[in-house]
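# Chain and residue survey
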Amino acid sequence: MSLKRIVLRDFVIVSELDLDLANGFTVLTGETGAGKSILVDALQLVTGGRADVGVIREGAARTDVSAEFDSSPPVLDWLETAGFESADGLLLRRTVDTQGKSRAWINGSPATATQLRELGEQLIDIHGQHAWQSLTRPEAVRGLLDAYARVSIHTLSLLWQQWRQAQTELAQALAARETMQRERERLAWQIGEVEKLGPSPDEWDVLNTEHARLSNAQALLDAAQSAQQSLDNDDAGALAALNSAHQALQQQEHVEPYFKGLAEVLASSLAQVEDTIHSLRAYQRKTELDPQRLGELDERMALWMSLARRYKRAPDELAQLLATWKLELDQLDAAADLAGLEAKQSAALDAYKDEARLISKARTKAAPLLAKAITHAMQGLGMQGGQFEVSLQKCPQPMQSGLEEVSFLVAGHAGSTPRPVNKVASGGELSRMALAIAVTTSQLGAAQTLIFDEVDSGVGGAVAETVGQLMKQLGVDRQVLAVTHLPQVAACADQHWVVAKQLVGNSTMSSVAAVEGEQRVNELARMLGGERLLGTTRAHAREMLQTKDELDEH
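Remember, it's a predicted structure, so these values are computed and weren't measured experimentally.

Rules behind the numbers
- Sequence positions are assigned chain by chain, starting from 1 and proceeding in written order.
- Local features in this predicted model are restricted to residues whose pLDDT is 70 or higher, and side-chain atom pairs enter the listing and the counts only when it is 80 or higher, whereas totals over whole chains, interfaces and linings include all residues.
- Water and hydrogen atoms play no part in the side-chain values, which are based on all heavy atoms of the structure.
- Helix and strand assignments follow DSSP, with helices taken as H or I runs no shorter than four residues and strands as E runs no shorter than two, numbered in order from the N terminus.
- Type-normalised accessible area, obtained with a 1.4 Å probe on protein chains alone, sets the label of each residue: buried when under 20%, exposed when over 50%, and partly exposed for intermediate values.
- In this description, contact between two residues means that some pair of their heavy atoms is separated by no more than 4.5 Å.
- Method for areas: the Shrake-Rupley scheme with a 1.4 Å probe, in which residue coverage is limited to the protein chains shown.
- Patch membership needs two things, relative accessible area over 30% and no salt bridge, and members are linked within 9 Å if like-charged or within 5 Å if nonpolar (Val, Leu, Ile, Met, Phe, Trp, Tyr).
- Salt bridges, as used here, are contacts in which a Lys or Arg side-chain nitrogen is within 4 Å of a carboxyl oxygen on Asp or Glu.
- Charged residues are defined narrowly, with Lys and Arg counted positive, Asp and Glu counted negative, and His plus the chain ends left uncounted.
- Charge placement uses NZ in Lys and CZ in Arg. For Asp and Glu, CG and CD serve respectively.
- In this description, a nonpolar core means a group of buried Ala, Val, Leu, Ile, Met, Phe, Trp, Tyr and Cys residues linked to one another through side-chain atoms lying within 4.5 Å.
- To estimate how far a helix should extend, the number of its residues minus one is multiplied by 1.5 Å.

### Describing the overall build of the protein
- Within the protein, the regular secondary structure consists of 19 helices and 15 strands.
- Across its three principal directions, the C-alpha atoms of the protein cover 145 × 80 × 45 Å.
- Residue burial in the protein is summarised as follows: out of 554 residues, 41% are buried.
- Within the protein, contacts between residues at least 6 apart in sequence are counted, and of these 69% link residues at least 24 apart.
- Carbon together with sulfur atoms contributes 50% to the accessible area of the protein, which is approximately 29800 Å² in total.

### Focus: a negative patch on the surface
- A surface patch of negative charge is lined by Asp202, Asp205, Asp316 and Glu317.
- Relative to the helices and strands, aspartate 316 is located in the loop between α11 (291–310) and α12 (318–335).

### A short note on the nonpolar core
- Formed by 52 residues in total, the largest nonpolar core has its most connected members in Phe25, Met378, Phe388, Val390, Phe452, Val467 and Met471.
- Ignoring sequence-local partners within four residues, the contact set of methionine 471 consists of Phe25, Leu435, Phe452, Val455, Val480, Ala482 and Val489.
- Ranked by size, the runner-up nonpolar core spans 43 residues in total, among them Ala34, Val65, Ala67 and Ile124.

### Some remarks on helix α9 (residues 238–252)
- With 15 residues, α9 extends 22 Å between its outermost C-alpha atoms, agreeing within 8% with the 21 Å of an ideal straight helix rising 1.5 Å per residue.
- Taken together, the buried residues of α9 touch α8 (217–232) and α10 (258–286).

Right under this line is the structure:
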């Protein structure tokens, strides 16, 4: 799952770069400002880092970064789950244009920056040159211990939020208890008033329809009787006229076939008129003047109108208003259920504590093991006799991160009492401790490619040689890529790349090239003694490489 190849197009001051990388320990060196960290920045971009138009080479339309990795079972599982094509290798690509638009691909299929980041966490582990600063930040210190203990506080954080929410709801209910009681009494009275009426959905429309019919009953009966007489009058009714016309056409249809169709139309009209007459007679029989029912309707509709005016609503909204008030009353009753809220808060706290105790147990077990491992690493980094401790102090109240605060204590030499790192450690010591932590914790993750970006700043002499040997040792099982300014570290590498910048026309360009033999000797000599390559510095460089070769043979 190591990094096999990286390709850059128009990235910062790199016009075009195509590098094939090998396993083991590789260093990147070069003059200050040559762009040694450009490769690290490119890898961060292609593995989901923040897209910034500032990485586009001046004058270019976009930057394009690709990285090819060996595949592995966990990566193949991730690709299958995420719906990407699985292949022998893994190709990540990302572009950023001058408008700030970013596009990403995984094995040729469009992807999101989040997906690149998720995948990148399994591929590379970057330790930056300012890693020592995290030793003074409580959340970073706790994160280091949790990573070493292989625990996550994601579930704990959710449980803490649920407990705090339950706590807030209970506090609000207690504070608003008197106000809620008054509101409850008001709602209960209003519900009682409207329930006396007992409005049902659509009832107002039904009442209106029935009231209109009864209040106009005499006029309706007169209209039905008049219509019936107009149709059914023996001498001048429409039925008699239609019947006469139908007979006249029917008698002559044997002479004029055209009349047959007209006679059929009149026959249909006769049938409809007869049905209408029948319906009008039935309507007159069943329709009665009912002043008592009309009075009842007047009384009930007056109650509807009275309540509607009182609550400033349309009458047809009363049924929905009653349902809304009942819902609000139920909510108030639930909010006023202090016993229920107290039980909910207590249950949430118990769930949080159960998870927090598991994490505390894991931290308590891991703390001395982490301290021992870092103490051991410190001995070879110029802090002989020094001691590293991981302190766990119980918090006065439950925290989102757990029941304890985590801090790092250090004693720089034998016999001294460990104290907080930011109070006793110098900048150089902080850098060395960060390096010790990086070496210790880098063995934990699944990432096969470890990148150290000038984490050896503030280190020199024999300590620098130890740093190189540590990275060389890491390179046995992992792919290690280090940006360094120390010749002692560079001499330990299996592969050596030199970053250089040149002036091409009016633009500054950066390039990367592998060095071997005399070229590597010259680069180490430059790192040892500056631009003037003296015979003594070249001899020293050869000696460093020879020592490295002898160690490799053993």
